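Listed here are the chains, written in short residue letters.
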Amino acid sequence: MRCSHPEPVVAITVLAGALALTAGRGAGSAWVALAIFAGQLFVGWSNDYLDRNRDREAGRRDKPIASDAIAGRTVGLAAIVALVLAVPLSLASGVAAALVHLAALASAAAYNLGLKRTLLSALPYAFSFSLVPAFVTLGLARSHWPPLWVMLAAALIGVGGHFAQSRPDISSDRRQGAIGLPQLAGERASGVIAAVMLALGAAVIAAGARSVIPLVAVLPVPLVVLARPAVAYRLTLVIAGLTVAAFLINGGSLAG
């Protein structure tokens, strides 16, 4: 489970389930949550498996494979199983929704396979996160795409998460020649960019929902810059949760 990056796995699964429930998926919200859960496990496990040699070179004792706490083959097989399970779990929401979710997973896989080490590193985050609300709405009885502002807000939050998540490893990534956008920007600038993206995401939701309530999520944003990188990433997950919660509390829904 440590190889799966459990914090984002849980956060994204819970948020997607909440969006599905309030959109009117009812008991079908469980299928949404299970599909997202399996998909996120695949993303996390494949990331650690593909990065196993780099993590060893960097002396990452916090990584179970690099510290020999678990065999890389075990994690690689777990990633394959999670991906296989994600297919029928996604299809439970319909073909259109399943294709969208699998496209998001393909984007995440492209990131793990090498885009993370290029100046296109933020694109998979923007693309994959923007499709989460679409996975929910395309599985409704009245299937439809969510409003563009919802997808834009999700993309902005995803990019903010990318910059925040990368901050603790920027120095070691640079030494290994893995230069994505956060590594190019640097640790401090990545914190600022993450904060700006999160604030913009909340602002887009506030404008789209025509309410100032979602702006409450902006209050802890400065801490993303000031806190230690590892803490700042956890704050990013909290802010994403607050943004979605404020949207739902304000009566927001993806039901259409």
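The shown structure was predicted, so the numbers you read here are calculated from the model rather than taken from an experiment.

All right, on to the overall build of the protein chain then. Secondary structure summary: the protein chain contains 13 helices and zero strands in total. Secondary structure of the protein chain in N-to-C order comes out as α-α-α-α-α-α-α-α-α-α-α-α-α. For 256 residues, the compact-globule formula gives about 18 Å, and the C-alpha radius of gyration of the protein chain, at 18 Å, lands near that figure. Along the first, second and third principal axes, the C-alpha set of the protein chain runs to 50 × 40 × 25 Å. Across the 256 residues of the protein chain, 54% fall into the buried class. For the protein chain, contacts bridging at least 24 residues in sequence account for 70% of all contacts bridging at least 6. When the accessible surface of the protein chain is split by element, carbon and sulfur atoms take 70% of a total near 11,400 Å².

Once that is clear, we can look at the confidence of the model for the protein chain. For the protein chain, mean pLDDT is 93; residues scoring 70 or higher make up 98% of the total. Mean pLDDT values over the elements of the protein chain span from 89, in helix H13 (residues 229–249), up to 98, in helix H4 (residues 72–91).

With respect to the helices, strands and loops of the structure, Met-197 is situated in helix H11 (residues 187–209). Owing to a relative accessible area of 18%, Met-197 belongs among the buried residues under this scheme. Separated by 36 residues in the primary sequence, Met-197 and Gly-161 place their C-alpha atoms 8.5 Å from one another. Excluding its chain neighbours within four sequence positions, the residues that come into contact with Met-197 are Leu-156, Val-159 and Gly-160.

A separate point is the pattern of salt bridges. What the rule picks out here adds up to seven salt bridges. Residue Glu-187 is joined to Arg-167 by a salt bridge in which the shortest nitrogen-to-oxygen separation is 2.3 Å. Of this pair, Glu-187 sits in helix H11 while Arg-167 sits in the loop between helix H8 (148–166) and helix H9 (170–175); the two residues are 20 residues apart in sequence, bridging distant segments of the chain. Under the relative-accessibility criterion, Arg-167 is labelled buried at 2%. The network of salt bridges with common partners includes Arg-60, Asp-62 and Asp-169.

With that settled, the discussion passes to H13. Relative to the 30 Å expected for 21 residues at 1.5 Å per residue, H13 spans 30 Å between its end C-alpha atoms, a close match to the ideal helical length. Residues of H13 that are buried include every one of Ala-232, Tyr-233, Leu-235, Thr-236, Leu-237, Ile-239, Ala-240, Gly-241, Thr-243, Val-244, Ala-246 and Phe-247, and no others. For H13, the elements touching its buried residues are helix H1 (6–23), H8, H11 and helix H12 (221–226).

We now examine the nonpolar core. Of all hydrophobic cores here, the largest spans 68 residues; its most connected members are Val-32, Trp-45, Phe-135, Val-136 and Val-224. Counting residues per element, this core draws most heavily on H8, at nine residues. If we ignore the near neighbours within four places in the chain, the residues touching Val-224 are Arg-167, Gly-191, Ala-194, Ala-195, Leu-198, Ala-232, Leu-235, Thr-236 and Ile-239.

Conventions adopted
Residues numbered from 1 in each chain as written. Predicted model: local features only at pLDDT ≥ 70, side-chain atom pairs only at ≥ 80, totals over all residues. Heavy atoms only, no water. Helix = DSSP H or I, 4+ residues; strand = E, 2+ residues; numbered from the N terminus. Rg over C-alpha atoms; globule rule 2.2 N^0.38 Å. Buried < 20%, exposed > 50% of the residue type's maximum accessible area, 1.4 Å probe, protein only. Contact = heavy atoms within 4.5 Å. Areas by Shrake-Rupley, 256 points an atom, 1.4 Å probe, with all protein chains shown as cover. pLDDT = per-residue confidence, 0-100. Salt bridge = Lys/Arg side-chain N within 4 Å of Asp/Glu carboxyl O. Expected span 1.5 Å × (residues − 1). Core = buried A, V, L, I, M, F, W, Y, C linked by side-chain atoms within 4.5 Å.

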